[in-house]
Amino acid sequence: MTKFWSETTKRTEPYVPGEQLNDPNIIKLNTNENPYGPSSQVKEAIQDELTRKLHLYPAPDADKLRDEIGSYYNVTKDHIFVGNGSDEVLAFSFMAFFEPHAQIRFPAITYSFYPVYAKLFNIPYEQVPLNRDFTIPAEDFFGAEGGIVIANPNAPTGLYLNVEAVEEIVINNPEYVVIIDEAYIDFAPASAAPLVKQYPNLLIVQTLSKSRSLAGLRVGFALGDPGLIEALVRIKDSFNSYTIDRLAIAGAAAAIKDRDHFRETTQTIIRTREWLISEMKKRGFHVLPSQANFIFVSHYKHSAKSLYQRLKQQGFLTRHFQKPAIDHYLRITIGTDEQMESFLKALDSITPLAA
Ligand code: PMP
């Protein structure tokens, strides 16, 4: 019954998220969650809100959280916008900065939410082909005629574009907003966030779902020139001036504040990633040099689809994308060392060690 649907509704092609199974026996390596869980201070902060303040509206400007993010990145809070997951921050950004008559650019292989938003908001887009090795050709993003969106590290490849290349893209598009989606940046060498004080057209988007282990809380944020942040606030206030709730503000602020927990868990994940990459290579896998909390791999003999299915039968959920350009690859989230050891055991029963 689509006769009551608006043109906007008809245009949508909703994003299909990775499987979220509730089976506790499944080891979930499919949506890049963090196996270590958040800092214990997060739980305390949420508990406090829960017991004493749930009847009160949250602060519309989420000041407490923006102050913490500001002190982490050494910017004032007028450079910070927070939202209900970085997906929402990205959606607001598409609305705030892109136009139905100007073609935006993003990589041909990237986070599949970008075309979803472009269609929803009627924004034309060009998908820029990657190099053969899946790296992003920075020069192909110079001189765009609309905005730019780049995930860095890119998803699902995990490949990282260095800060100098990001800066070149920003410099070569002075008339348009360049969004750098840094969902996985804490597992990579460096963020381009410090550049926001220098370039009024750079918007950095980050999430607390990955390195801060808070996917269930749904908190993301943007860093940018106060002029860009003001535009996002206008859009937000036109929908719901209380974008994120009390528990999210308190929990996310505590997560940003506990730098020790953050440092230890991200460093552990990076170490596990490097070890897993070498183990996968020993087993005949081609592994892209990931700088994220997942790896993207293919096998010379076994199809990714059959590996996905056989791993699932053994209790390991990975991510297989049915897109022709990458359907021979499998994306695997970095779990704990113990989880990865049992994952490798399962893999060895499917594809014995390459000679
Ligand atoms: N950007 C990228 C590249 C992602 O992979 C994800 C996670 N699916 C997000 C943004 C969204 O993260 P969240 O909404 O949980 O903040």
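Since the structure is predicted, the reported quantities are computational estimates derived from the model, not experimental observations.

Looking now at the overall build of the protein chain. Scanning the protein chain from terminus to terminus reveals 11 helices and 13 strands. With the principal axes as the frame, the protein chain shows a C-alpha extent of 60 × 50 × 50 Å. Expressed as a percentage of the 355 residues in the protein chain, the buried residues total 45%. Once local pairs closer than 6 in sequence are excluded, the contacts in the protein chain between residues at least 24 apart make up 73%.

Turning our attention to the UniProt feature "modified residue: N6-(pyridoxal phosphate)lysine" (unreviewed entry) in the protein chain. The residues that UniProt annotates with the feature "modified residue: N6-(pyridoxal phosphate)lysine" (unreviewed entry) are Lys210. By C-beta crowding, Lys210 is classed as buried, having 26 other C-beta atoms within 10 Å. Those residues in contact with Lys210, other than ones at most four positions away along the chain, are Asn32, Asn34, Ala183, Tyr184 and Asn293.

Gly85, Ser86, Asp87, Tyr111, Ala151, Ala155, Asp181, Ala183, Thr207, Ser209, Ala215 and Gly220 make up every residue found near the ligand. If you tally residues by element for the shell around the ligand, the top one is helix H4 (residues 85-97), at 3 residues.

Further remarks concern the packing of helix H2 (residues 40-52) against helix H8 (residues 246-257). The contact between H2 and H8 brings their axes to 8 Å, and the two run at 155°. When the axes of H2 and H8 are compared, the pair comes out roughly antiparallel. Of the two possible hands of crossing, H2 and H8 adopt the one that is right-handed. Counting all contacts with H2, which are made through Gln41, Val42, Ala45, Ile46, Asp48, Glu49 and Leu50, the residues of H8 involved are Arg246, Leu247, Ala250, Gly251, Ala253, Ala254, Ala255 and Lys257. For the contact of H2 with H8, the residue count by class is 9 nonpolar, 2 polar and 4 charged.

We now examine the UniProt feature "domain: Aminotransferase class I/classII large" (unreviewed entry) in the protein chain. Listed under "domain: Aminotransferase class I/classII large" (unreviewed entry) in the UniProt record, and renumbered for this structure, are residues 25-347. Along residues 25-347 one finds 39% helix and 15% strand; the C-alpha atoms at either end are 17 Å apart.

Turning our eyes to something else, we now look at the sheet that holds strand E13 (residues 330-333). Across the sheet, which stays open at both edges, the 4 strands sit in the order E9-E10-E13-E12 with antiparallel pairing between neighbours. Two strands close off the open sheet at either side, each with one partner strand: strand E9 (285-287) and strand E12 (319-320). Two strands pair when backbone bridges link them, and E12 and E13 are joined in this way by 2 bridges, in the antiparallel orientation. Counted as the bridge partner of Arg319 is Arg331 from E13.

By the secondary structure assignment, Glu139 is in the loop between strand E4 (125-128) and strand E5 (148-151). Owing to 11 C-beta atoms within 10 Å, Glu139 belongs among the exposed residues under this scheme.

What helix H6 (residues 163-171) keeps buried is the set Val166, Ile169 and Val170. Relative to the axis of H6, the buried residues are bounded by an arc of 100° and lie together on one face. Packing partners of the buried residues in H6 comprise E5, strand E6 (178-181) and strand E7 (202-207).

Definitions and cut-offs
- Think of each chain on its own: its residues are numbered from 1, step by step along the sequence as written.
- For this predicted model, a pLDDT threshold of at least 70 governs which residues receive local features, and a threshold of 80 or more governs which side-chain atom pairs are given and counted, while totals over whole chains, interfaces and linings are taken from all residues.
- To qualify as a helix, a DSSP run of H or I must reach at least 4 residues; to qualify as a strand, a run of E must reach at least 2; elements of each kind are numbered from the N terminus.
- Three exposure classes are used, based on other C-beta atoms lying within 10 Å of a residue's own C-beta, which is placed from the backbone: buried for 20 or more, exposed for 12 or fewer, and partly exposed in between.
- C-beta atoms are placed from the backbone for every residue, and two residues are taken to be in contact when these atoms lie within 7 Å.
- UniProt positions are given in the numbering used here, feature names are shortened, and annotations may be inferred rather than shown by experiment.
- Residue proximity rests on one test: whether the C-beta atom, placed from the backbone, lies within 6 Å of the molecule or strand.
- Lines fitted to the C-alpha atoms define the axes, with helices restricted to the stretch that makes contact. Angles between their N-to-C directions range from 0 to 180 degrees.
- Roughly parallel means an angle under 35 degrees; roughly antiparallel means over 145; roughly perpendicular covers 65 to 115; every other angle is labelled oblique.
- Left-handed describes a crossing in which the near helix is turned anticlockwise from the far one by less than a right angle; the clockwise case is right-handed.
- Throughout, the ten residues Ala, Val, Leu, Ile, Met, Phe, Trp, Tyr, Cys and Pro are labelled nonpolar, Asp, Glu, Lys and Arg are labelled charged, and all others, Gly among them, are labelled polar.
- A pair of strands is considered paired only if DSSP assigns at least 2 bridges between the two.
- Working definition: the arc comes from the directions between the helix axis and the C-beta atoms, pointing outward to the latter.

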